[in-house]
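What follows is each chain in one-letter form.
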Protein chains: 2
Amino acid sequence: MLNEETLAAVAIATWKNNLEKANKLFGGLDESVLEKQVAPGRNRLVYLWGHLASTHDRMLQLLGIAERVHPEFDAIFLTSPDGASTLPPVDVMRKWWAEVNRRLDASLRELKSNDWRARHTAVSEEDFANEPLRNRFSILITRTNHLAYHIGQATLATK
Amino acid sequence: MLNEETLAAVAIATWKNNLEKANKLFGGLDESVLEKQVAPGRNRLVYLWGHLASTHDRMLQLLGIAERVHPEFDAIFLTSPDGASTLPPVDVMRKWWAEVNRRLDASLRELKSNDWRARHTAVSEEDFANEPLRNRFSILITRTNHLAYHIGQATLATK
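Residues numbered from 1 in each chain as written. Chains lettered and ligands numbered in written order. Predicted model: local features only at pLDDT ≥ 70, side-chain atom pairs only at ≥ 80, totals over all residues. Heavy atoms only, no water.

### A word on the overall build of chain A
Then, number 1: Assigned secondary structure in chain A consists of eight helices and zero strands.
Then, number 2: By the compact-globule yardstick of 15 Å for 159 residues, chain A fits well, its C-alpha radius of gyration being 16 Å.
Then, number 3: Projected onto the principal axes, the alpha-carbon positions of chain A cover approximately 45 × 30 × 25 Å.
Then, number 4: For chain A, the residues scored as buried account for 52% of the 159 residues in total.
Then, number 5: Sequence-distant contacts in chain A: of pairs separated by 6 or more residues, those separated by 24 or more amount to 65%.
Then, number 6: Per element, the accessible surface of chain A, about 7300 Å² overall, is 49% carbon and sulfur.
Then, number 7: If the 20 positive side-chain charges of chain A are averaged to one point and the 20 negative ones to another, these points end up 5 Å apart. (Helix = DSSP H or I, 4+ residues; strand = E, 2+ residues; numbered from the N terminus. Rg over C-alpha atoms; globule rule 2.2 N^0.38 Å. Buried < 20%, exposed > 50% of the residue type's maximum accessible area, 1.4 Å probe, protein only. Contact = heavy atoms within 4.5 Å. Areas by Shrake-Rupley, 256 points an atom, 1.4 Å probe, with all protein chains shown as cover. Lys, Arg positive; Asp, Glu negative; His and termini not counted. Charge placed at Lys NZ, Arg CZ, Asp CG, Glu CD.)

So this is what it looks like as structure tokens:
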């Protein structure tokens, strides 16, 4: 294994580990539990779940690896707070979550060392020349952190 | 910058970004706010803060980069739940948190590419031969995630 492949493998393993936790947290919940708030007056579990699905859906585009699944849900889960929109039915969310993470999983295994250091699609070539850390690897690392952040919150309502 | 140094730089930047968030969350809180629970019946902010300080204190040893600061606090914040022990005074915790993260920051900048792929101190040479991902980089990545997980919870009580 090349040197940087070792580092990428660590990051992918940590991503998967967090994703398994999220699957356990959200995957088996019925609709009534999904309505619970993580703390009084805070986001419902169902909103956090959709927020993570939208974030991962966007990763497909940012990493340039696959078509998005439900970009139209960004308006519900990324640019509006909980309570502002009617949410998709739970069975639609379940399929969405599975499909987004299936596409990510298939692609993460395919990315080579050079790919990780390439710019992500939301940064221009000009900006990337000055800020080489705005690469695909940063998308993986920061979205793994984002996942851990919300798992920490969701755990409070589900344990 | 070497290929793997780019990946390590992304991970260190994400670590620092999370640490700044934690400093903002916990650094300015007075004792009464630190007593707040992140959700009803859950950990107090002061316990989470100590739990993070102990975890980072252990990183100094796991990465083999510096002496630990307060290993005797592990019994309070790592192996006992909130409420089981008398906590150190807040001014002691504040100095501890600053010193641990100062030692980490100084050392992370010194580590070279080869160092990141080296085994961490809690895995034997024999086990590491079979599990090469149990390296120092995995300590940085997983502890950054651990930090994000608890920042997500602490945010619920401080915003």
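Continuing now.
### Focus on the relation of the copies chain B and chain A
For the pair of chain copies, the relating transformation is a rotation about an axis with a translation along it.
Then, number 1: Each copy of the sequence occupies a distinct position, and chain B is placed on chain A by a rotation of 180 degrees and an axial shift of 0.0 Å, giving an RMSD of 0.0 Å. What the rotation and shift describe, once combined, is the action of a two-fold rotation axis.
Then, number 2: An overlap of 100% is found between the interface residues of chain B and their copies at the interface of chain A, pointing to a shared contact surface. (Least-squares fit on C-alpha atoms with pLDDT ≥ 70 in both.)

### Re the pattern of salt bridges
Then, number 1: Applying the stated criterion to the full structure yields 22 salt bridges over all chains.
Then, number 2: Between R44 of chain B and D82 of chain B there is a salt bridge, with its nearest N and O atoms 2.6 Å apart. Separated by 38 residues along the polypeptide, R44 of chain B in the loop between helix 2 (31-34) and helix 3 (45-62) and D82 of chain B in the loop between helix 4 (74-77) and helix 5 (90-108) bring together distant segments of the chain.
Then, number 3: Look at the salt bridges and you will find they share partners, linking K16, D105 and R109 of chain A into a network. (Salt bridge = Lys/Arg side-chain N within 4 Å of Asp/Glu carboxyl O.)

### What about the confidence of the model for chain A?
Then, number 1: Put simply, chain A has an average pLDDT of 94, and 98% of its residues get 70 or more.
Then, number 2: Interface scoring of the predicted complex returns ipTM 0.95; its pTM is 0.96. (pLDDT = per-residue confidence, 0-100.)

### Re the side chain of R136 of chain A
Residue and element names in this part refer to chain A.
Then, number 1: Positionally, R136 belongs in helix 8 (residues 136-158).
Then, number 2: Buried charge without a partner: R136 forms no salt bridge, and the closest opposite charge is D115, 4.0 Å away.
Then, number 3: In contact with R136, not counting residues within four places along its chain, are L63, G64, L111, D115, W116, A118, R119 and H120.

### Some words on the interface of chain B and chain A
Then, number 1: Listed per partner, the contact involves 32 residues of chain B and 32 residues of chain A.
Then, number 2: Summing the contributions of chain B and of chain A, the shared interface buries around 3000 Å²; its carbon and sulfur component is 70%.
Then, number 3: Where chain B touches chain A, the interface holds zero salt bridges.
Then, number 4: On the surface where chain B and chain A come into contact, there are twelve residue pairs in polar contact (both at pLDDT 80 or more).
Then, number 5: The set of elements that each furnish at least two residues to the side of chain B that touches chain A consists of helix 1 (3-27), helix 6 (113-117) and helix 8 (136-158) of chain B.
Then, number 6: Looking at which element gives the most residues to the side of chain B that touches chain A, the answer is helix 8 of chain B, with 13 residues.
Then, number 7: Residue composition of the side of chain B that touches chain A, grouped by class: 16 nonpolar, twelve polar and four charged. (Buried area = accessible area lost by both parts, 1.4 Å probe. Polar contact = N/O pair within 3.5 Å; in protein donor to acceptor, adjacent residues only side chain to side chain. Nonpolar A, V, L, I, M, F, W, Y, C, P; charged D, E, K, R; others polar.)

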